[in-house]
Amino acid sequence: MEVPQWYNGALPNGDRGRRKSRFALYKRPKANGVKPSTVHVISTPQASKAISCKGQHSISYTLSRNQTVVVEYTHDKDTDMFQVGRSTESPIDFVVTDTISGSQNNDEAQITQSTISRFACRIVCDRNEPYTARIFAAGFDSSKNIFLGEKAAKWKNPDGHMDGLTTNGVLVMHPRGGFTEESQPGVWREISVCGDVYTLRETRSAQQRGKLVESETNVLQDGSLIDLCGATLLWRTADGLFHAPTQKHIEALRQEINAARPQCPVGLNTLAFPSINRKEVVEEKQPWAYLSCGHVHGYHNWGHRSDTEANERECPMCRTVGPYVPLWLGCEAGFYVDAGPPTHAFTPCGHVCSEKSAKYWSQIPLPHGTHAFHAACPFCATQLVGEQNCIKLIFQGPVD
């Protein structure tokens, strides 16, 4: 099982330790899962603290100054637990940081205050086939506790068990039709601390929860998206990855398109996508494209129009005016829904992938900030623009 984050194959400063662009979940040598057991209703803070200090996992729901419900959790030999969050403390298996849009440079990208929770969520996987994985909001801290304070959204369910939501919430979207060529966007839902599924709150951190969706579960599927309010993760199952294109396949596609010797229709020089390892450096032979029409050229300095923005040029082939950008091959294989040739580019960033992958991501509304949703390039998180959010590229073959 793999959880790629919104980066094109690696973090900007490189993958290190528990902070990386792709996380793989493996069966642990020894089960570390937990399940709810004893429930205590406490009237004094001291008693609540005493239970929390017993060394067992627990979730505390503070109802008022005088009443706290503490649910103790006991060892579960049949599950493994993996925790995700911003904290670098040891209970967090996978450290995530706020995803910076590729349209911003490092100076613009200084995040003053992260909206990702330090202990954002936990994924619990069955140790036996079919290795079902379930997601829950909130993670246990270094004291093995989850605290939902007075201001947190929480409630008692009709069956008597307590539940709640984290401040900015954990949102999940399961694609319809799995993660395949035929995939369609699903509906974004919020996951509770106990793993129930709710419609979205009016705003991300509103006190009032949405409506319970009894027909849906917190079981992760191939292609499920997990949004932590600042970072979005894509869940890929082992079976899904088995049938997905690999890094070697993408490299073969790169070599194949370069072997066709596409040419700049004006300069007549041969173009070539750079090596996947050189994805930050614009090279001399790099293909560039006019994103309003899709015509692919080599780099040139003409076509500026005084009445347009700095990045807007007039295509010498069809006179269409629009952004003129270098093209980059999308390197993260986990984001591809098929193994088709790289024929389409996202606008305005210029990342290139297969037609079906481009069209799939172009219609996915990703949470942005605490209120908005918009489509974004999966390889750099840049907000997509234009009529279709992507464009079919028009290459010219060699003139022999």
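See the structure above.
Computed from a prediction, not measured in an experiment: that's the story for all the values here.

Peer 1: How would you summarise the overall build of the protein chain if you had to cite specific residues and measurements?
Peer 2: Helices and strands together make up the secondary structure of the protein chain, namely 4 helices and 27 strands. Out of the 400 residues belonging to the protein chain, those deemed buried represent 51%. Counting only contacts in the protein chain whose residues sit at least 6 apart along the sequence, the fraction spanning at least 24 positions is 61%.

Peer 1: Go over the sheet that holds strand S21 (residues 321-326) with me, naming the residues and quoting the values.
Peer 2: What the 4 strands build is an open sheet, ordered S19-S18-S21-S20; its pairing is antiparallel. Both outer strands of the open sheet, strand S19 (296-297) and strand S20 (312-314), are each paired with one neighbouring strand and no more. Bridge count between strand S18 (residues 288-290) and S19: 2 bridges; the pairing is antiparallel. Pairing of Ala289 across the sheet is with Val296, part of S19.

Peer 1: So, the pattern of salt bridges: which residues are in play, and what are the values?
Peer 2: Applying the stated criterion across every chain, the model contains 14 salt bridges. Residues Glu332 and Arg22 are paired through a salt bridge, measuring 2.8 Å at the closest nitrogen-oxygen approach. Of the two residues, Glu332 sits in the loop between strand S22 (328-329) and strand S23 (342-346) while Arg22 sits in strand S2 (residues 22-24), which places them 310 residues apart along the sequence. On the basis of relative accessible area, Arg22 is assigned to the partly exposed category, the value being 26%. Of the charged contacts, one joins Asp80 and Arg127 as a salt bridge, the two residues approaching to 2.8 Å between their closest N and O atoms. Of this pair, Asp80 sits in strand S6 (residues 79-85) while Arg127 sits in the loop between strand S8 (121-126) and strand S9 (133-137), placing them 47 residues apart in sequence.

Peer 1: Before we move on, can you summarise the environment of Arg86 with the specific residues and values?
Peer 2: Take Arg86: it is sitting in the loop between S6 and strand S7 (94-95). As for Arg86 and Ala120, which are separated by 34 residues in sequence, their C-alpha atoms are 7.3 Å apart. Residue contacts for Arg86: discarding those within four places in its chain leaves Val95, Val96, Ser114, Ile116, Ser117 and Arg118. Side chain to side chain, Arg86 and Ser114 meet in a polar contact 3.5 Å long.

Peer 1: Could you give an account of the packing of aromatic side chains, naming the residues involved and the relevant values?
Peer 2: All told, the structure shown has 16 aromatic pairs when counted by the stated rule. For the ring pair Tyr360 and Trp361, a centre distance of 5.3 Å and an interplane angle of 75° mean the geometry is edge-to-face. A residue is classified by how much of its surface remains accessible, and Trp361, at 1% relative accessible area, is buried. Among the aromatic residues, ring-to-ring pairing joins Phe179, Phe335, Tyr336, Phe346, Tyr360, Trp361 and Phe379 into one connected group. In this structure, Arg209 packs its charged tip against the face of Trp155, placed 4.4 Å from the ring centre.

Peer 1: Break down the nonpolar core for me, with residues and values.
Peer 2: The nonpolar side chains of a soluble globular protein tend to be buried, and buried together. Formed by 42 residues in total, the largest nonpolar core has its most connected members in Leu225, Leu327, Phe346, Trp361 and Leu393. For this core, the elements supplying multiple residues, two or more each, are strand S13 (170-173), helix H3 (247-259), S23, strand S24 (351-354), helix H4 (355-362) and strand S27 (390-392).

Peer 1: Quick rundown of the environment of Glu387? Include the residues and the values.
Peer 2: You can see Glu387 is positioned in the loop between strand S26 (372-374) and S27. Along the chain, Glu387 and Thr347 lie 40 residues apart, while their C-alpha atoms are 9.6 Å from each other.

Peer 1: Can you tell me about unusual backbone geometry, naming the residues and giving the values?
Peer 2: Look at the link from Glu129 to Pro130: it is a cis peptide, with omega at 10°. Relative to the assigned elements, Pro130 resides in the loop between S8 and S9. At the junction of Thr347 and Pro348, the peptide bond is cis and its omega measures out at 15° in the coordinates. Looking at the secondary structure, you find Pro348 in the loop between S23 and S24. The backbone of Lys144 shows a phi angle near 65°, a positive value even though the residue is not glycine. Among the secondary structure elements, Lys144 is positioned in the loop between S9 and strand S10 (145-148). The phi dihedral of Ala381 falls on the positive side, at around 70°, and the residue is not glycine.

Peer 1: Kindly report on the environment of Met162, identifying the contributing residues and their values.
Peer 2: Checked against the element boundaries, Met162 lands in strand S12 (residues 162-164). A sequence separation of 92 residues divides Met162 from Val70, and the C-alpha atoms of the two residues are 9.2 Å apart. The contacts of Met162, once residues within four sequence positions are left out, are Tyr61, Leu63, Val69, Trp155, Lys156 and Cys194.

Cut-offs and rules
Residues numbered from 1 in each chain as written. Predicted model: local features only at pLDDT ≥ 70, side-chain atom pairs only at ≥ 80, totals over all residues. Heavy atoms only, no water. Helix = DSSP H or I, 4+ residues; strand = E, 2+ residues; numbered from the N terminus. Buried < 20%, exposed > 50% of the residue type's maximum accessible area, 1.4 Å probe, protein only. Contact = heavy atoms within 4.5 Å. Pairing = 2+ DSSP bridges. Salt bridge = Lys/Arg side-chain N within 4 Å of Asp/Glu carboxyl O. Polar contact = N/O pair within 3.5 Å; in protein donor to acceptor, adjacent residues only side chain to side chain. Phe/Tyr/Trp six-rings, centres within 6.5 Å; stacked < 30°, edge-to-face > 60°. Lys NZ or Arg CZ within 6 Å of the ring centre and 35° of its normal. Core = buried A, V, L, I, M, F, W, Y, C linked by side-chain atoms within 4.5 Å.

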